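# Breakdown of the fold
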Amino acid sequence: MAAKEPSPIVKSYLILYNAAQVVGWCYMLYQLIAYYTIDKGTEKTLWDYLGFTVILFQNAALLEIVHAFTRIVPSNPVITTFQVLSRVMVVCGVVMATPTGKVSPGLPLAILAWSVTEIIRYAYYALNLIDAVPKLLIFLRYTTFIVLYPTGVTGELLCFFWAQSHVANTKQWSIEMPNTYNFTFSYLYFLWAVMLLYIPLFPQLYLHMFAQRKKILGSGSSSGATKQKHN
């Protein structure tokens, strides 16, 4: 179902939000490349080098949940919430929370996949709001996910796996019995539960994107894509 045209104020806000995200993720991709090229040999870890940028722009995506629930964009609120919170969980609950998560080999994989995906996605959203999406961008939006989605998921799962070893050794953020509230919680089990959720959810979301790709690109027309007004 097509969304109604947003008011000029809302439209301006969405354009600025998406444009800011494009700039932020472009800068993050530059930082990632620079870390392994022009600044190769720095004593900083990758997270020390670009962690602030990741925290800032990934958590800014929380606004997308607000956008979806307030219906200023036609995105599915439930799917949007899951997609955003899964990334925030990786950043805040895994990488920021543990020293092992920060040095996971999955971190550069995740950041590479996230940054390229988000540059394309936010650029698509911003240009879509002014009916100026080029065909190349439409093609990239509905094609690059084929490689980037599994790459990002692999990176995220590696971050989880590296983090769980630290949580297992320190019992971080866990609550054991006995205690006043007669309540127990294992952050280690929580991390494993989240990892296991990827098994049923990843194929569904991946196949959904293929269905969208067939819908948008299969007809050989960009009109269906440019009529969708997202955040």
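Residues numbered from 1 in each chain as written. Predicted model: local features only at pLDDT ≥ 70, side-chain atom pairs only at ≥ 80, totals over all residues. Heavy atoms only, no water.

Looking at an unreviewed UniProt entry, one finds the chain named Very-long-chain (3R)-3-hydroxyacyl-CoA dehydratase, with Anopheles coluzzii as its source organism. Regarding the chain, the UniProt comment filed under Pathway (unreviewed entry) reads as follows: "Lipid metabolism; fatty acid biosynthesis." (UniProt positions renumbered as here; feature names shortened; annotations may be inferred.)

### A look at helix α3 (residues 62-69)
Three- or four-residue spacings in an α-helix give side chains the same orientation, since the helix completes a turn every 3.6 residues. Regarding α3, the residues found buried are Glu64, Ile65, His67 and Ala68. Buried positions in α3, seen along its axis, are confined to an arc of 160 degrees and lie on one side of it. Where α3 is buried, its residues contact α1 (8-36), α4 (77-95) and α6 (106-128). One or two positions beyond α3, positive phi appears at Arg71, with a value near 65 degrees. (Buried < 20%, exposed > 50% of the residue type's maximum accessible area, 1.4 Å probe, protein only. Helix = DSSP H or I, 4+ residues; strand = E, 2+ residues; numbered from the N terminus. Arc of directions from axis to C-beta. Contact = heavy atoms within 4.5 Å.)

### Section: the nonpolar core
If you look at the biggest cluster of nonpolar residues, it comprises 49 residues, and the most contacted ones within it are Val54, Val94 and Phe160. Those elements that place two or more of their residues in this core are α1, α2 (46-59), α4, α6, α7 (135-141), α8 (145-170) and α9 (187-217). Among the elements that make up this core, the one with the highest residue count is α6 (ten residues). Not counting residues within four places of it along the chain, the set of residues in contact with Val94 comprises Met89, Gly101, Cys159, Phe160, Ala163 and Leu191. (Core = buried A, V, L, I, M, F, W, Y, C linked by side-chain atoms within 4.5 Å.)

### Observations regarding the packing of aromatic side chains
A full pass over the atoms with the stated rule returns 21 aromatic pairs. Through successive ring pairs, a cluster of aromatic residues spans Tyr13, Tyr17, Tyr122, Tyr124, Tyr125 and Tyr142. Here the guanidinium or amino end of Arg121 rests over the ring plane of Tyr122, the centre of that ring lying 4.4 Å away. Lying across the ring of Tyr142, Arg141 places its NZ or CZ 5.4 Å from the centre. (Phe/Tyr/Trp six-rings, centres within 6.5 Å; stacked < 30°, edge-to-face > 60°. Lys NZ or Arg CZ within 6 Å of the ring centre and 35° of its normal.)

### Examining the side chain of His166
With respect to the helices and strands, the residue His166 is situated in helix α8. Setting aside anything within four residues of it in sequence, one finds His166 in contact with Thr98, Pro99, Thr100 and Gln172.

### Here's the deal with unusual backbone geometry
Between Met177 and the following residue, Pro178, the backbone shows a cis peptide bond with an omega angle of -5 degrees. In this structure, Lys171 takes a positive phi of about 55 degrees despite not being glycine. Position of Lys171 among the secondary structure elements: in the loop between α8 and α9. One non-glycine residue, Trp173, lies in the positive phi region at around 55 degrees.

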